Amino acid sequence: MKDLSLHILDLSQNSVSAGATLVKITINEDKASDKMTICIEDNGKGMDRDFLERVMDPFVTTRTSRKVGLGIPLMLAACKRCEGNLVIESEKDIGTKLTGTFRQSHIDRAPVGDMAETMLTLILTGSDGGRNIDFVYRHIIDNREFCLDTREIRNALGSGVAIEEPEVLMWVKDYINEGLANLRGGV
Amino acid sequence: MKTIQELEEIRKKTLDTINVRKDRSGTRIVVGMATCGIAAGARPVLLSIMDEVKKHDLADVVVAQTGCIGMCRLEPIVEVYKPGEDKVTYVKVNPSKAVRIVNEHIMKGKVVDEYTIGAGDK
């Protein structure tokens, strides 16, 4: 994976496959402690203890086309090489929470990448096949925060217009890019 | 600065055109978006297909995603399902190939042979 937004896209799709209706993605960059945290939390079907113990293993997967699953192992490797770690907590029928940490200034830490593209793709995934999965994307940099909540967007749109309408997606893209630019202090 | 209030305008504007696109019996363009697809660059491919479909206002085209198609080394993979025709599988797609696929295959009905799995594997 070239950047962190691709990891986030990949891992959030596990939440979608797990039947989640709400996926919360939080990126926290804190210069003071030189730490970066990526957290993905869902209300999907969760994993039992046995599966949770084996889930970091690349030879454990739920997909049927192949016997390897690299989403989680790739993220684990990305965290580990930046003096961080990946912790997965899960409870059956309640949900799963995945927390990846990095030393922010580590030379091997990949850039965040294009979060707008990741969120657009997730919104498209979430509305496939009549499902309406909501996403909350919070990005915190040194205590300043940007937040995108698809529930707010759905509310504003009402029942007539779907969130996956191209016009709406274009707005979401600009909204995220502008919000993040502000967060980084540059216009 | 973008505000949530702008969505109200988008809503009004889109409401008029939306009924045309309700028809789901048309062409399906499916992009493989598992770990293998994402790592190989499927995300910009999916979004460039979306853009192109929007640009030409193709009303009866649905862009969808799927998991691992099973040939990870050939990702990004794009499958095109046209009603009444055989499925066409495109391999090692990038955003500019994707634009050509929409322009030639989806709009003009001409399969882009050189990007298909048959050609890609030789």
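Cut-offs applied
Residues numbered from 1 in each chain as written. Chains lettered and ligands numbered in written order. Predicted model: local features only at pLDDT ≥ 70, side-chain atom pairs only at ≥ 80, totals over all residues. Helix = DSSP H or I, 4+ residues; strand = E, 2+ residues; numbered from the N terminus. Rg over C-alpha atoms; globule rule 2.2 N^0.38 Å. Buried ≥ 20, exposed ≤ 12 C-beta atoms within 10 Å, placed from the backbone. Contact = placed C-beta atoms within 7 Å. Pairing = 2+ DSSP bridges. Nonpolar A, V, L, I, M, F, W, Y, C, P; charged D, E, K, R; others polar. Axes fitted to C-alpha atoms, helices over the stretch in contact; angles between N-to-C directions.

Engineer: How would you summarise the overall build of chain A if you had to cite specific residues and measurements?
Structural biologist: A tally of helices and strands in chain A yields six helices and six strands. Scaling as 2.2 N^0.38, a compact globule of 187 residues should have a C-alpha radius of gyration of about 16 Å, and chain A matches this with 17 Å. Counting only C-alpha atoms, chain A reaches 45 × 40 × 25 Å along its principal axes. Counting only residues that meet the buried cut, chain A has 39% of its 187 residues in that class. Expressed as a percentage of contacts within chain A between residues at least 6 apart in sequence, the contacts between residues at least 24 apart total 64%.

Engineer: So what about the pairing of strand 6 (residues 144-149) of chain A? Which residues, and what values?
Structural biologist: All names here are of chain A. By the bridge criterion, six bridges tie strand 5 (residues 134-141) to strand 6 in an arrangement that is antiparallel. Bridge pairing links Val-136 to Asp-149 in strand 6. Between strand 5 and strand 6, which pair antiparallel in sequence order, lie two residues; one of them, Asp-142, sits at a positive phi of approximately 45°.

Engineer: Run through the environment of Glu-79 of chain B, naming residues and quoting values.
Structural biologist: All names here are of chain B. With respect to the helices, strands and loops of the structure, Glu-79 is situated in strand 3 (residues 78-81). Taking the C-beta count within 10 Å as the criterion, Glu-79 has 17 such neighbours and is therefore assigned partly exposed. Along the primary structure Glu-79 and Ile-29 are separated by 50 residues, whereas in three dimensions their C-alpha atoms are 5.8 Å apart. Once residues within four sequence positions are removed from consideration, Glu-79 is found in contact with Val-30, Lys-87 and Thr-89.

Engineer: I'd like a rundown of the interface of chain A and chain B, residues and numbers included.
Structural biologist: Listed by partner, the interface residues are 31 residues for chain A and 28 residues for chain B. Broken down by secondary-structure element, the contributors of at least two residues to the side of chain A that touches chain B are helix 1 (4-17), helix 4 (115-126), helix 5 (150-157) and helix 6 (166-183) of chain A. Residue contributions to the side of chain A that touches chain B peak at seven residues, all from helix 6 of chain A. Classifying every residue of the side of chain A that touches chain B gives 14 nonpolar, seven polar and ten charged.

Engineer: I'd like a rundown of the sheet that holds strand 4 (residues 88-90) of chain B, residues and numbers included.
Structural biologist: Residues and elements named next belong to chain B. Reading across the sheet, the four strands line up as 2-1-3-4 and stay open at both edges, with mixed pairing between neighbours. Here the strands that pair on one side only, and so sit at the sheet edges, are strand 2 (61-66) and strand 4. Across this sheet, the average inter-strand angle for adjacent strands is 20°, counted without regard to direction. With six bridges connecting them, strand 1 (residues 27-32) and strand 2 associate as parallel partners. If you follow Thr-27 over to strand 2, its bridge partner there is Val-61. Strands in contact with helix 3 (residues 42-55) are strand 1, strand 2 and strand 3; relative to strand 1, the strand with the most contacts, it is inclined by about 160°.

Engineer: Kindly report on unusual backbone geometry, identifying the contributing residues and their values.
Structural biologist: The omega angle of the peptide bond from Glu-75 of chain B to Pro-76 of chain B is -10°, so this bond is cis rather than trans. You can see Pro-76 of chain B is positioned in the loop between strand 2 and strand 3. Although it is not a glycine, Glu-83 of chain A adopts a positive phi angle of roughly 60°. Examined against the element boundaries, Glu-83 of chain A turns out to sit in the loop between helix 3 (71-80) and strand 3 (86-91). The backbone phi angle of Lys-92 of chain B is positive, close to 45°, even though this residue is not glycine. Within the element layout of this structure, Lys-92 of chain B appears in the loop between strand 4 and helix 4 (95-108). In this structure Lys-92 of chain B comes out as partly exposed when scored by C-beta crowding, with 17 C-beta atoms within 10 Å.

Engineer: Run through the sheet that holds strand 3 of chain A, naming residues and quoting values.
Structural biologist: All names here are of chain A. Read across the open sheet, the six strands follow the order 3-4-2-1-5-6; overall the sheet is mixed. The open sheet has two free edges, formed respectively by strand 3 and strand 6, since each of these has just one partner strand. The sheet shows a mean angle of 10° between the axes of neighbouring strands, taken without regard to direction. Where strand 3 and strand 4 (residues 95-103) come together, six bridges link them in antiparallel fashion. Paired with Ile-88 across the strands is Leu-98, a residue of strand 4.

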